[in-house]
Amino acid sequence: MRPGEERIKETADEPDALAASLQRGIRTLGDTFRWLAGAQGRRTSTLRRRIIMLNAAALIILIGGVFYFNLSRVSLIEERILSLTTQGKIIARALAESAAGGAEATHIDAETAAPALARLAGPTATRVRLYDRRGELQLDTRYLLPQNAIVTNRLPPPGDELWNFDWALRLYDLAVDLLPQRRYPPYTESLFGSGLAYGEVAEAIEGQVASAVRVNNQGELILSVAVPVQRLQYVLGVLFMSTEGGDIDAVLRAERTWLLQVSLVAVAVMVASSIFLARTIARPVRELADAAERVRRLPADREDIPDFTQRRDEIGDLSATLRDMTQALYNRIDAIEQFAADVAHEIKNPLTSLKSAVETFARAKDEKARARLMDVIIQDVDRINRLVSDISDASRLDAELAREKAHTIDLAQLIQTVASYYSRDGRAGVSVRVTIDLAKALYLRGLEGPLAQVFRNILDNAVSFSPAEGAVRLTLTRRGRLALITIDDDGPGIPEDNLGRVFDRFFTERPADHGFGNNSGLGLSISRQIVEMHGGTIEASNRRTRPDGPVEGARFIITLPVLEGT
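All of the points below concern the structure found in this document.

How each quantity is defined
- Residues numbered from 1 in each chain as written.
- Predicted model: local features only at pLDDT ≥ 70, side-chain atom pairs only at ≥ 80, totals over all residues.
- Heavy atoms only, no water.
- Helix = DSSP H or I, 4+ residues; strand = E, 2+ residues; numbered from the N terminus.
- Contact = heavy atoms within 4.5 Å.
- Areas by Shrake-Rupley, 256 points an atom, 1.4 Å probe, with all protein chains shown as cover.
- Phe/Tyr/Trp six-rings, centres within 6.5 Å; stacked < 30°, edge-to-face > 60°.
- Buried < 20%, exposed > 50% of the residue type's maximum accessible area, 1.4 Å probe, protein only.
- Lys NZ or Arg CZ within 6 Å of the ring centre and 35° of its normal.
- Pairing = 2+ DSSP bridges.
- Axes fitted to C-alpha atoms, helices over the stretch in contact; angles between N-to-C directions.
- Polar contact = N/O pair within 3.5 Å; in protein donor to acceptor, adjacent residues only side chain to side chain.
- Left-handed = near helix turned anticlockwise from the far one by under 90°.
- Nonpolar A, V, L, I, M, F, W, Y, C, P; charged D, E, K, R; others polar.
- Salt bridge = Lys/Arg side-chain N within 4 Å of Asp/Glu carboxyl O.

1. What about the overall build of the chain?
Across its full length, the chain holds 12 helices and 12 strands. Residue pairs at least 24 apart in sequence account for 69% of intrachain contacts in the chain once pairs closer than 6 positions are excluded. For the chain, the accessible area works out to roughly 33000 Å², and carbon and sulfur atoms hold 55% of it.

Written out as structure tokens, the structure reads:
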């Protein structure tokens, strides 16, 4: 076996072992991508595809850049030529000293140089040729072997030839050929042993070190360096060193095959992480979207939004928000249905009374009876008209609250403005007294009109229930970050059984002398809705001097959040 041939074969065997792992990785990767593509016909997630494609794009760019720039042929060729030049100069100097035949020698003794050349060129794993000054071949290490040397050849592992991985290597070669690279001149063996066919040998005869890169008929790179063998500036011959075919390509292939194996591991990690992200992001989002779509269709059975609130991320926040929104939607639907039922019930009562009065009026012969029936008819019509107006106001409240823009309100000034209306009106001799207990002005963010309506509704109730010459007391104080508004009257108070119902729609509980049907029972319900929209609360209770004492009147307490810094 020629020197360096065994090393080249060992290097070439390394890609075979790596190709085995490469084939297994490609099979696994192919199965994974078939799963991602929906091999079973199921719809894949757009978010999942985006995650995988973005990760893959970045990884492919990274791998392509490493393949193209790292361990490139150019850098490897330059390093190899520099190494050959250094080795050639060392060997040429040694030959000039040992095989020149004295100070007056004009050529190199081939017989003397042969053992020295074989000994010096052996470790370099290159082919070394020695030419004389005329360019004629003197020695070639390809045909020089140490005595008693044993030539060995590595046999391929036993097994079926179908399990070889030449296809992977051919695929690699094809990929490399597709990369833009420099074209090199062809390499041919010099006929009749003449070295002048190589331009670098001709330059070395002139005393210059020269190199060249060529490609043999198998497409393998051949690097060559020609170094003049000189003694006292006199050229005795030329040392011509060249790599064996495929030496550079085998090293490059082994390195890039190893890099490809590492890249496949990186791709597998990327795919696994993408699948994990898709499962933890795309699947929950899809479940939430499907549930929201079912809610939009308003099925007979109430649809529950999946609960991912145990997750401490955006998916958990989205789930909580959708669940709250859906629950608010269901509550609103229930409220609308209940409101419709209440409206139908409240309108049906005066309509029934009106129908009965009209039917009786047609049969009545007595003028007094007909006059009483006409009063009932007029009263029922007024009641229906008042009820329809209050229902219309209540139904428009949400739209008006959403349409109006909030602004800063001086709460003390607003209360004094509303109370002044009752002071001028002097209803039934009932006075409205306002007490402002504040160290400085109190401001809140809200809608001035609806808040004024709240105070008017409660003051109207308080005045209507207070006896003649009674008083309604309105007090404004502050409790931490809240404004506290207390409204007391001197009326009979609220029956204990009705304290929890006074804010229900259409609830009304009034003495008989107040007249039947003069109130729709929507005022306090509307007031609570407005206060809660402003982030506040409203409560009703009875006023007593002692816990076990008699009821001295009703008390309404309103709390509203105030602006920071006030």
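2. Section: the packing of aromatic side chains
Centre-to-centre distance and the angle between the planes together describe a pair of aromatic rings. With the rule as written, the count across this model stands at three aromatic pairs. Between tyrosine 198 and phenylalanine 240, the aromatic rings sit 5.0 Å apart at their centres with planes inclined by 25°, giving stacked as the arrangement. Highlighted residues: tyrosine 198 in the loop between α5 (166–178) and α6 (199–205) and phenylalanine 240 in strand β5 (residues 234–242), separated in sequence by 42 residues. Across the pair, exposure class does not vary: tyrosine 198 and phenylalanine 240 are buried alike. Taking the ring centre of phenylalanine 361 as reference, the NZ or CZ of arginine 370 above it sits at 4.1 Å.

3. Observations regarding the sheet that holds β5
Taken in spatial order, the five strands line up as β2-β1-β5-β4-β3 in an open sheet, and their pairing is antiparallel. Each having just a single partner strand, β2 (137–140) and β3 (210–215) make up the two edges of the open sheet. In this sheet, adjacent strand axes meet at a mean angle of 20° when their direction is disregarded. For strand β1 (residues 127–132) and β2, the ladder comprises three bridges, and the chain directions are antiparallel. In the sheet register, tyrosine 131 faces β2, and the bridge partner there is leucine 137. Contacting β1, β2 and β5, helix α4 (residues 110–121) runs over the sheet at an angle of about 35° to β2.

4. With respect to the sheet that holds strand β9 (residues 471–479)
One open sheet accounts for five strands, arranged β7-β9-β10-β12-β11; its pairing is mixed. Of all the strands in the sheet, just β7 (431–436) and β11 (537–543) have a single pairing partner and so form its edges. Within the sheet, the average angular offset between the axes of one strand and its neighbour, ignoring direction, is 15°. With seven bridges joining them, strand β10 (residues 482–488) and strand β12 (residues 553–561) adopt antiparallel strand pairing. Counterpart to leucine 482 in the pairing with β12 is proline 561.

5. Brief notes about the pairing of β3
Of all the six residues making up β3, five are buried; the element is thus mostly covered by neighbouring parts of the structure. The loop that links β3 with its antiparallel partner strand β4 (residues 221–231) comprises five residues; one of these, glycine 219, has a positive phi angle of about 80°.

6. Details of the side chain of arginine 543
Position of arginine 543 relative to the elements: it lies in strand β11. In this structure the side chain of arginine 543 is engaged in a polar contact, spanning 3.0 Å, whose partner is the side chain of aspartate 490. When residues no more than four places from it in sequence are discounted, the contact partners of arginine 543 are Arg473, Asp488, Asp489, Asp490, Pro550, Val551, Glu552, Gly553 and Arg555.

7. As for the environment of isoleucine 487
Checked against the element boundaries, isoleucine 487 lands in strand β10. Overall, isoleucine 487 belongs to the buried group, its relative accessible area being 2%. Sequence spacing of isoleucine 487 and valine 432 is 55 residues, and the spatial spacing of their C-alpha atoms is 9.8 Å. Not counting chain neighbours up to four residues away, the residues in contact with isoleucine 487 comprise Ile458, Leu459, Ala462, Val472, Arg473, Leu474, Ala554, Arg555 and Phe556.

8. A short note on the packing of helix α11 (residues 448–465) against helix α12 (residues 523–533)
Running from amino to carboxyl end, α11 crosses α12 at an angle of 145°, the nearest separation of the two axes being 9 Å. Viewed along their axes, α11 and α12 form a crossing whose handedness is left-handed. In this structure, α11 contributes Pro450, Leu451, Gln453, Val454, Asn457, Ile458 and Asn461 to the contact, and α12 contributes Gly523, Leu524, Ile526, Ser527, Ile530 and Val531. Of the residues belonging to the contact of α11 with α12, the class tally is eight nonpolar, five polar and no charged.

9. Considerations on α4
Looking only at α4, the buried set comprises Ala113, Ala114, Ala116, Leu117 and Ala121. Where α4 begins, the capping side chain belongs to aspartate 109, and its oxygen is found 3.3 Å from the backbone nitrogen of glutamate 111.

10. So, the environment of alanine 116
With respect to the helices and strands, alanine 116 occurs in helix α4. C-alpha of alanine 116 to C-alpha of serine 98: the two residues are 18 residues apart in sequence and 8.2 Å apart in space. In this view, alanine 116 contacts Leu95 and Ser98; residues no more than four positions away in its chain are not counted.

11. Some words on the pattern of salt bridges
Overall, the coordinates contain 14 salt bridges when judged by the stated rule. Across the pair aspartate 132 and arginine 134 runs a salt bridge whose closest N-O atoms are separated by 3.4 Å. The shortest N-O distance in the salt bridge between arginine 142 and glutamate 189 comes to 3.9 Å. Residue arginine 142 is located in the loop between β2 and α5, and its partner glutamate 189 is located in the loop between α5 and α6; the two are separated by 47 residues in the primary sequence. Here the salt bridges share partners, and the residues they tie into one network are Arg127, Arg129, Asp140, Arg142, Glu189 and Glu244.

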